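Observations on the model geometry
So the chains spell out like this:
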Amino acid sequence: VAIPIMCQFAIPLGANPLVVGVLMAYVLNIGICTPGGSTPGALAFANPKWITTAEAYKYNLVIFVMNMLITITWGIFVANLFM
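Scope of this entry: the structure provided in the associated data block. (Residues numbered from 1 in each chain as written. Predicted model: local features only at pLDDT ≥ 70, side-chain atom pairs only at ≥ 80, totals over all residues. Heavy atoms only, no water.)

1. As for helix 2 (residues 17-28)
Given a rise of 1.5 Å per residue, 12 residues ought to cover 16 Å, and the 16 Å separating the end C-alpha atoms of helix 2 matches this to within 8%. Looking only at helix 2, the buried set comprises Val19, Gly21, Leu23, Met24 and Val27. Where the residues of helix 2 are buried, they touch helix 1 (3-13) and helix 4 (53-82). Looking at where helix 2 begins, the residue whose side-chain oxygen comes 3.1 Å from the main-chain nitrogen of leucine 18 is asparagine 16. (Helix = DSSP H or I, 4+ residues; strand = E, 2+ residues; numbered from the N terminus. Expected span 1.5 Å × (residues − 1). Buried < 20%, exposed > 50% of the residue type's maximum accessible area, 1.4 Å probe, protein only. Contact = heavy atoms within 4.5 Å. Polar contact = N/O pair within 3.5 Å; in protein donor to acceptor, adjacent residues only side chain to side chain.)

2. Describing the packing of helix 2 against helix 4
In a pair of packed helices, the angle between the axes and the distance between the axes together describe the arrangement. At their nearest, the axes of helix 2 and helix 4 sit 10 Å apart, and the two run at 150 degrees to each other. Between helix 2 and helix 4, the crossing angle belongs to the class labelled roughly antiparallel. Crossing of helix 2 over helix 4 shows right-handed handedness. Taking contact as the criterion, the partners of Val19, Leu23, Tyr26 and Val27 in helix 2 are, on helix 4, Asn67, Met68, Thr71, Gly75, Ile76, Ala79 and Asn80. (Axes fitted to C-alpha atoms, helices over the stretch in contact; angles between N-to-C directions. Parallel < 35°, antiparallel > 145°, perpendicular 65-115°, else oblique. Left-handed = near helix turned anticlockwise from the far one by under 90°.)

Shown next, in the form of structure tokens:
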């Protein structure tokens, strides 16, 4: 749903729409870490014996920041290399 919208931003900026679409799909997959994004994510947030809610949010923040840094530093280069 979001790829046609992102293509409208990518084309005027001179970016490859295919690269934008692939990187967007990769970045959006980080949503599985949230409680509403997947069953394992919901179990991690709902079971305080395994991990507290505060710890779950803390770990998800770390994963999110690492994912974004990797995408920005290496993802654009690698995607442009192959596409």
